[in-house]
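What follows is each chain in one-letter form.
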Amino acid sequence: MASTDLHSLHGQTALVTGSSSGIGEAIAVELARAGADIIVNYRGSADSAKGTVDSVEALGRRAVAVQADVSVEADVIAMFDQAEAALGPLDIVVSNAGLQRDSAIADMSLDDWNTVISTNLTGGFLVGREAIRRFRKKGLREDVSRSLGKLLFDNSVHQRIPWAFRVNYAASKGGLRLLMESLAQEVAHEKIRVNAVAPGAIATAINQSEREKPGGLDAMLKLIPYGRIGEPADIGRVAAFLVSDAADYITGQTLFTDGGMTLYPEFRGNG
Ligand code: NAD
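Worth saying up front: this structure is predicted, and the values here are computed from it rather than measured.

1. Examining the layout of surface pockets
What the second largest pocket holds in volume is close to 200 Å³. Forming the boundary of the second largest pocket are Phe125, Gly128, Arg129, Ile132, Arg133, Arg136, Leu179, Ser182, Leu183, Glu186 and Val187. Of all the secondary-structure elements, those providing two or more residues to the lining of the second largest pocket are α4 (110–138) and α5 (167–187). Residues that form the lining of the second largest pocket fall into these classes: five nonpolar, two polar and four charged.

Here it is as structure tokens:
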């Protein structure tokens, strides 16, 4: 039977895409803290993954870095092959890699559109499809988890909140929401759970220039009733919960982790 500590991920292996930095790195570290061995996916140079690998190993877990561009089908399949060759079958897959290419609609190039959709949405499809295929091959391992496999997407509050000047990003995240929910519906009877975490504003490279421009941080804080920008570990801890047996009855859900951003704080006392 699985561990009596329902939060434990001991004996399980997780792949986290885009985990050489930011939220993906924090998810990798929090999954390792809960006991999982980790495949650290990175896109650029192998050096970029070293920090995450070191942090996971410092927690006494195994970590292997694997290069892949999640928008390229052959890369994604090769990444799963390398992951399984290195650490064995995967119990947990987190599709986290994502990016922004912001601009006003009239100036948005087709390349800006395609880059964001192919990474955030098509990447989610390719990683999700491969995860389901591999979970099925692995089969249920009741000694480590009640679930045959856990697939988690890193979505965004912008799966719900429209975002001017970033229609490519909002469209990718809105699409990812129904990809996640439809997939969860398709595979729940196989004991595969599919969920999402939806961060609000978390301090990472993706929004560094926005936070650092004059007045940028204050403008962001006005949107966050809880009064602080999120830390990557805020998302890492939620991810570790959602892929654990403590969340065994949760599938097809998005856990908004946003300090209240989706409470539309500008309506407090107005409207
Ligand atoms: P980040 O830039 O630090 O991390 C993104 C990671 O994805 C990087 O490691 C990057 O190398 C990787 N990546 C990008 N394209 C890739 C590709 N084609 N193949 C493989 N890897 C690729 O920023 P972050 O904030 O940590 O972003 C992680 C996820 O969190 C994204 O999906 C983002 O949309 C989501 N998110 C972030 C915030 C926030 O406020 N930071 C809010 C909501 C959602």
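2. Overview of the nonpolar core
Leu15, Met79, Phe80, Val93, Leu151, Phe153 and Val194 are the most contacted members of the largest nonpolar core, which has 30 residues in total. Put simply, the parts of the chain that give this core at least two residues each are α3 (73–87), α4, β5 (149–154), α5 and β6 (192–199). Considering every element that reaches this core, the biggest residue donor is α5, with six residues. For Val93, the contacting residues outside a window of four places in its chain are Leu15, Phe80, Val127, Ala131, Phe135, Lys150, Leu151 and Leu152. Ranked by size, the runner-up nonpolar core spans 28 residues in total, among them Ala14, Ile27, Ala63 and Val94.

3. Looking at α4
Between its terminal C-alpha atoms α4 stretches 40 Å, which fits the 42 Å expected from 29 residues at 1.5 Å a residue. At Ser118, α4 shows its maximal bend, which comes to roughly 35 degrees. In the stretch just after α4, Gly139 is the one whose phi turns positive, near 80 degrees.

4. A look at the side chain of Asn195
By the element assignment, Asn195 lies in strand β6. Residue Asn195 is classed as buried on the basis of its relative accessible area, which comes to 2%. Separated by 3.1 Å, the side chain of Asn195 and the backbone nitrogen of Gly252 make a polar contact. For Asn195, the contacting residues outside a window of four places in its chain are Leu151, Leu152, Phe153, Met180, Ile250, Thr251, Gly252 and Gln253.

5. Things to note about the site of the ligand
Taken together, 27 residues lie around the ligand, and Ile23, Asn96, Tyr169, Ile202 and Thr204 are the ones closest in. Contact distances for the ligand include 2.6 Å between an oxygen atom and a side-chain N or O atom of Tyr169. At 3.1 Å, a backbone N or O of Gly200 approaches an oxygen atom of the ligand. Burial of the ligand by the protein chains amounts to 92% of its free accessible area of 810 Å². Taken together, the elements giving at least two residues each to the shell around the ligand come down to α1 (22–33) and α5. The residue inventory of the shell around the ligand, partitioned by class, reads ten nonpolar, 13 polar and four charged.

6. Looking at the pairing of β5
When you tally the buried positions in β5, you get six out of six residues, the bulk of the element. Relative to β5, strand β4 (residues 92–95) runs parallel, the two sharing four bridges. If you follow Ser95 over to β5, its bridge partner there is Phe153. With respect to chirality, the unit in which β4 leads through α4 into the neighbouring parallel β5 is right-handed. One ladder, built from six bridges, connects β5 with β6; its direction is parallel. Among the inter-strand pairings, Asp154 is bridged to a residue of β6, identified as Val197. For the crossover that starts at β5, traverses α5 and ends in the parallel β6, the hand is right-handed.

7. A word on the environment of Glu130
Along the polypeptide, Glu130 turns up in helix α4. Along the sequence, Glu130 and Asp111 sit 19 residues apart, while their C-alpha atoms lie 26 Å from each other. In this view, Glu130 contacts Val76, Ile77 and Phe80; residues no more than four positions away in its chain are not counted. Within polar-contact distance, the side chain of Glu130 engages the side chain of Arg133 at 2.9 Å. At 2.9 Å, the side chain of Glu130 and the side chain of Arg134 are in polar contact.

So, how was this worked out
- Residues numbered from 1 in each chain as written.
- Predicted model: local features only at pLDDT ≥ 70, side-chain atom pairs only at ≥ 80, totals over all residues.
- Heavy atoms only, no water.
- 1 Å grid on protein atoms, 1.4 Å probe; cavity = no way out; pocket = protein on both sides within 12 Å on 5 of 7 lines; lining within 4 Å.
- Points joined across faces, edges and corners; volume = space filled by probe spheres on them.
- Helix = DSSP H or I, 4+ residues; strand = E, 2+ residues; numbered from the N terminus.
- Nonpolar A, V, L, I, M, F, W, Y, C, P; charged D, E, K, R; others polar.
- Core = buried A, V, L, I, M, F, W, Y, C linked by side-chain atoms within 4.5 Å.
- Buried < 20%, exposed > 50% of the residue type's maximum accessible area, 1.4 Å probe, protein only.
- Contact = heavy atoms within 4.5 Å.
- Expected span 1.5 Å × (residues − 1).
- Bend = angle between axes of the 7 residues up to and from the residue.
- Polar contact = N/O pair within 3.5 Å; in protein donor to acceptor, adjacent residues only side chain to side chain.
- Near = heavy atom within 4 Å.
- Areas by Shrake-Rupley, 256 points an atom, 1.4 Å probe, with all protein chains shown as cover.
- Pairing = 2+ DSSP bridges.
- Right-handed = clockwise from strand over helix to strand, strands pointing away.

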